Amino acid sequence: MFTQVANITIPLETKPELLKKKFIVIGEIHFDEEKLLFNITPYKDSLSFLFDVEIISNVKSYEKNFEINVIIKSTPTILSWLIGVCFFPFGFVTFFFAHNKSQQISDSIKLMKW
């Protein structure tokens, strides 16, 4: 429902330990340079029962860099929908948490310096 897109360009010689250190705020990462796979498993927080977060990444290698396109999708759970419908219009405030989480992850990625 709420989608954010972030692009990262990192040098080819970047070590996996540095990647894990940079992404510690967002979640656990697994990066395979040979197969060009970049998986991010986001951490759960105290309000994660109200939304689901899915992070999709696409890696391309060009020149001396990796170009990583990260798509963050945050969708309200059935519980959020029930609260939203039952306590209309105030119940839809729960959707703000889903939007805020996707925005927070996207901003964290955009602020990373390589």
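These notes cover the structure that comes with them. The model shown is predicted, which means the values in this text are computed figures rather than measured ones.

1. Let's talk about the overall build of the chain
So, step 1. Counting its regular elements, the chain contains 3 helices and 5 strands.
So, step 2. The helix and strand sequence of the chain, counted from the amino end, reads β-α-β-β-β-β-α-α.
So, step 3. When the backbone C-alpha atoms are referred to their principal axes, the chain occupies close to 55 × 25 × 20 Å.
So, step 4. In the chain, which comprises 114 residues, the proportion classed as buried is 33%.
So, step 5. In the chain, the proportion of contacts linking residues at least 24 apart, taken out of those at least 6 apart, comes to 59%.
So, step 6. As presented, the chain carries roughly 7,300 Å² of accessible surface, and 60% of it is formed by carbon and sulfur atoms.
So, step 7. Averaging the positions of the 12 positive and the 12 negative side-chain charges in the chain gives two centres separated by 3 Å.

2. Focus on the sheet that holds strand E5 (residues 65-76)
So, step 1. The antiparallel open sheet is built from 3 strands, whose spatial order is E1-E5-E4. Two strands close off the open sheet at either side, each with one partner strand: strand E1 (2-11) and strand E4 (51-62). Pairwise comparison of adjacent strand axes, ignoring direction, gives a mean angle of 15° for this sheet.
So, step 2. Pairing analysis gives 10 bridges linking E1 to E5, with the strands arranged antiparallel. Each bridged residue has a counterpart across the sheet, and for Thr-9 the counterpart in E5 is Glu-67.
So, step 3. The strands that helix H3 (residues 94-110) touches are E1, E4 and E5; relative to E1, the one it contacts most, it runs at about 15°.

Definitions and cut-offs
Residues numbered from 1 in each chain as written. Predicted model: local features only at pLDDT ≥ 70, side-chain atom pairs only at ≥ 80, totals over all residues. Heavy atoms only, no water. Helix = DSSP H or I, 4+ residues; strand = E, 2+ residues; numbered from the N terminus. Buried < 20%, exposed > 50% of the residue type's maximum accessible area, 1.4 Å probe, protein only. Contact = heavy atoms within 4.5 Å. Areas by Shrake-Rupley, 256 points an atom, 1.4 Å probe, with all protein chains shown as cover. Lys, Arg positive; Asp, Glu negative; His and termini not counted. Charge placed at Lys NZ, Arg CZ, Asp CG, Glu CD. Pairing = 2+ DSSP bridges. Axes fitted to C-alpha atoms, helices over the stretch in contact; angles between N-to-C directions.

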